[in-house]
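Structural overview for review
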Amino acid sequence: MSCSEIQNYMNFVLPLVLDSGKELLTVEEINPEIKGGNIWDVVTIYDRKIEQILIEKIKEEYPEHKFIGEEESADKNTISQLTSLPTWIIDPIDGTANFVKRMPLTCISVGLTINKEQVLGIVYNPYAKELFTAIRGQGAYLNGKKITTSGLTEMNKSIFNYEISLGVKNLQLRNLYMSRLQGLITKVSGIRSYGCAALGLCYVACGRVDVYQCDGLYPWDAAAGTLIVTEAGGFVTDSSAVRLGKEFDLMQPNFLAASTKQLGDQYIAIEKMVDQEVTSKPQANFIPSNCKLITEKTQ
Ligand SMILES: *[C@@H]1O[C@H](CO)[C@@H](O)[C@H](O)[C@H]1NC(C)=O
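Since the model is a prediction, treat every value here as computed from it, not as a measurement. One numbering rule holds for all chains: residues counted from 1, following each sequence as written. Side-chain atom pairs in this predicted model are given and counted only at pLDDT of 80 or more, local residue features only at pLDDT of at least 70, and totals for whole chains, interfaces and linings cover all residues. Where side-chain values are given, they derive from all heavy atoms of the structure, hydrogens and water being excluded.

This paragraph deals with the domain arrangement of the chain. If you check the domain split of the chain, you get domain 1 (3–147) and domain 2 (155–279). For domain 1 versus domain 2, the distance between C-alpha centres works out to 22 Å. Note on contacts: a residue pair qualifies if any of its non-hydrogen atoms lie within 4.5 Å across the two residues. The partner domain 2 presents 30 residues to the 40 residues of domain 1 that form the contact. Of the roughly 2600 Å² buried between domain 1 and domain 2, counting both surfaces, carbon and sulfur atoms make up 72%. Each domain span listed reflects an automatic or database assignment of domains. Summed over both partners, buried area is the accessible surface (1.4 Å probe) that two parts give up on being assembled.

The next subject is the environment of glutamine 7. The residue glutamine 7 is located in helix α1 (residues 3–25) in this model. Type-normalised accessible area, obtained with a 1.4 Å probe on protein chains alone, sets the label of each residue: buried when under 20%, exposed when over 50%, and partly exposed for intermediate values. The exposure class of glutamine 7 is partly exposed, given its relative accessible area of 36%. Distance in space between the C-alpha atoms of glutamine 7 and isoleucine 135 is 7.6 Å, their sequence separation being 128 residues. Only DSSP runs of H or I with at least four residues qualify as helices, and only runs of E with at least two residues qualify as strands; both kinds are numbered from the N terminus onward.

Further remarks concern the sheet that holds strand β12 (residues 211–214). The strand order across the open sheet built from five strands is β11-β10-β12-β14-β13, with neighbouring strands paired in mixed fashion. Single-partner strands in this sheet number two, and they are β11 (190–192) and β13 (235–238). Each strand axis lies, on average, 20° off the axis of its neighbour in the sheet, ignoring direction. Sheet analysis places strand β10 (residues 159–162) next to β12, joined by three bridges and oriented parallel. Residue asparagine 161 lies in a different strand from β12, and its bridge partner there is tyrosine 212. Axes here refer to lines fitted to C-alpha atoms; in helices the fit is confined to the stretch in contact. Angles between the N-to-C directions go from 0 to 180 degrees. Strands in contact with helix α5 (residues 171–184) are β10, β11 and β12; relative to β10, the strand with the most contacts, it is inclined by about 175°. Against the sheet, helix α6 (residues 197–205) contacts β10, β12 and β14 (255–258), and its axis sits at roughly 155° relative to β12. Only strands that DSSP links by at least two bridges are regarded as paired with each other.

Okay, unusual backbone geometry next. A positive phi angle, near 65°, is found at asparagine 77, a position not held by glycine. Positioned with a positive phi, asparagine 115 is a non-glycine residue whose angle comes to about 55°. Here asparagine 115 shows up in the loop between β5 (107–114) and β6 (117–125).

Here we take up the UniProt feature "binding site: Mg(2+) 2" (unreviewed entry) in the chain. UniProt positions are given in the numbering used here, feature names are shortened, and annotations may be inferred rather than shown by experiment. Here, UniProt's "binding site: Mg(2+) 2" (unreviewed entry) annotation points to Ile93. Among the secondary structure elements, isoleucine 93 is positioned in strand β4 (residues 87–94). Accessibility expressed as a relative area gives 1% for isoleucine 93, which makes it buried. Not counting chain neighbours up to four residues away, the residues in contact with isoleucine 93 comprise Leu24, Thr44, Tyr46, Asp47, Ile50, Glu70, Phe99, Thr106 and Cys107.

We now examine the packing of α1 against helix α2 (residues 45–61). Between α1 and α2, whose axes approach to 11 Å, the crossing angle comes to 160°. Taken together, the axes of α1 and α2 lie roughly antiparallel to each other. Between α1 and α2 lies a crossing of right-handed hand. Between α1, through Phe12, Val13, Leu16, Val17, Ser20, Glu23 and Leu24, and α2, the contact on the second element is made entirely by Tyr46, Lys49, Ile50, Leu54, Lys57, Ile58 and Glu61. Orientation is classified from the angle alone, with under 35 degrees giving roughly parallel, over 145 giving roughly antiparallel, 65 to 115 giving roughly perpendicular, and any other angle giving oblique. Here a crossing is taken to be left-handed if its near helix is turned anticlockwise relative to the far helix by less than a right angle, and right-handed if that turn runs clockwise.

So this is what it looks like as structure tokens:
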């Protein structure tokens, strides 16, 4: 595939995404539904509407293309396998819980893979009028201006966006997140948690935060944003307990995205240490040892 071919895809899809963003801005009443009884998983009619419009229009133009979408996958109750055909990976509203609460940290995320390789990413936050884009090998852009990560290498100056809400799913994840946080909190400069994966990644890409980590996501949360990070000169690696520090897998996206590999490696080294501590203990409500000390002292 050639670069101009991907540029043509970008030229076709970008206006559709911008139009969807305009549509979001006109929304007055939002009635969230809870998906599959999972309190952390909300959806609105706007998620469905935007995804349907994007898929329909792209299909009309490129009938041979494939799609992996958040709502489309929910309807089928399965996520399609990635094939070598051009595949659009779409999150119509990323950060739906923010959207429902009218927190302007929400966006439309559209990624494209060809031959299973991420080649195009669009993340649009219509509230902030911020459009992040990337084409493989061509750099990353915010509203048409080239962006790069902060380039930071010192952990003690780094701002860390850590998404731990998914810890609600099970005790094992909770223990993992809590102990990693315990290990990192005194070594970094600040902690954030924005509740929007695609924007979290883009904020690393443009240097607003230095590291972003979130485990247990779906391909549509990461397909555009991880490409935007690497095209901005950043580093993306797997953050799951079993594959920590290994190659990022788009179809099972657990990621640590960092301004530089040097900084990312320092985070991974600390997490490897605390992970060992967690997994070597029986899985009750695990409290890291130094945390226990504080509790005991205050009692
Ligand atoms: C931050 O870390 C660097 C080494 O990476 C060290 O030289 C510096 O003194 C540290 N700064 C603070 C305030 O601890």
